[in-house]
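Given next are the chains, with one letter for each unit.
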Amino acid sequence: MAVKLLKPTGDFPACGLIRRLAAAGYDLLLLLAVLMVATFGYLGIYIGLYGEAVAHQQAEAGSFVGDHVLSLIVLLVTIAFYLTFWTIKGQTLGMQAWRIRLQQVSGQSITRKQALIRLLVSQASWLCGGLGFFWQLWDKQSRSWHDIASGTQIVVLPKGVFKD
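This text gives an overview of the structure that appears in the document. Remember, it's a predicted structure, so these values are computed and weren't measured experimentally.

**A word on the pairing of strand E2 (residues 152-156)**
Here's step 1: Across the 5 residues that make up E2, a large majority, 4, are buried.
Here's step 2: Pairing geometry for strand E1 (residues 100-104) and E2, over 5 bridges, is antiparallel. If you follow arginine 101 over to E2, its bridge partner there is valine 155.

Structure, rendered in structure tokens:
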């Protein structure tokens, strides 16, 4: 997919930590809903293949916890969720609600490679107790670890940008 100039164009201010975390929380709720649908689909297929009695017995035994196929589905759905939103519009639904956009420094959409790097480093940021997010409080350009690693930035868009 080709990189394109995102609209609106302009020199927008960097996004602050609170707004960034609020959008991430919003997106987490949306992602959980999508993952629930994917999980129900997987369980529906499992029941179709092995029968309801076997699926019930597996669930009672806790066999779906740590299920490799289900874990792979969750991973792929999560990657697809973020990569699709970030590379096409530069925004997830949570980012739209908080009027922030992910972009390259030039104002263009990000590449899949940048999105993957960003997603991986953001997970490391969370695993370090959120230090990668709080890093932006010390960075002169308000960048988090994943902004720095992927060569991206999150900017605040002006009010009324979605009214067309």
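**Quick notes on the packing of aromatic side chains**
Here's step 1: Applying the stated criterion to the full structure yields 8 aromatic pairs.
Here's step 2: Each ring, one from tyrosine 42 and one from tyrosine 46, has its centre 6.2 Å from the other, and the planes form 45°; the classification is tilted. A residue pair is termed a helical-turn pair when its members lie 3 or 4 positions apart in one helix, as tyrosine 42 and tyrosine 46 do in helix H1 (residues 17-50) at 4 residues. Note on accessibility: tyrosine 42 and tyrosine 46 belong to one class, buried.
Here's step 3: Relative to tyrosine 50, the ring of tyrosine 46 has its centre 4.7 Å away and its plane inclined at 45°; by these criteria the two rings are tilted. Of this pair, tyrosine 46 and tyrosine 50 both sit in helix H1, 4 residues apart, which is roughly one turn of the helix.
Here's step 4: The exposure class of tyrosine 46 is buried, given its relative accessible area of 14%.
Here's step 5: Among the aromatic side chains, those forming a connected cluster through ring pairs are Tyr42, Tyr46, Tyr50 and Phe64.

**A short note on the packing of helix H3 (residues 68-88) against helix H5 (residues 112-127)**
Here's step 1: It is at 10 Å that the axes of H3 and H5 come closest, and there the two elements cross at 130°. Regarding the angle of H3 to H5, the classification is oblique. Every pair of crossing elements has a handedness; the one defined by H3 and H5 is right-handed. Contacts between H3 and H5 involve Ile79, Tyr82, Leu83, Trp86 and Thr87 on the former and, on the latter, Arg112, Ala115, Leu116, Arg118 and Leu119.
Here's step 2: Its residues placed into classes, the contact of H3 with H5 shows 7 nonpolar, 1 polar and 2 charged.

So, how was this worked out
Residues numbered from 1 in each chain as written. Predicted model: local features only at pLDDT ≥ 70, side-chain atom pairs only at ≥ 80, totals over all residues. Heavy atoms only, no water. Buried < 20%, exposed > 50% of the residue type's maximum accessible area, 1.4 Å probe, protein only. Helix = DSSP H or I, 4+ residues; strand = E, 2+ residues; numbered from the N terminus. Pairing = 2+ DSSP bridges. Phe/Tyr/Trp six-rings, centres within 6.5 Å; stacked < 30°, edge-to-face > 60°. Axes fitted to C-alpha atoms, helices over the stretch in contact; angles between N-to-C directions. Parallel < 35°, antiparallel > 145°, perpendicular 65-115°, else oblique. Left-handed = near helix turned anticlockwise from the far one by under 90°. Contact = heavy atoms within 4.5 Å. Nonpolar A, V, L, I, M, F, W, Y, C, P; charged D, E, K, R; others polar.

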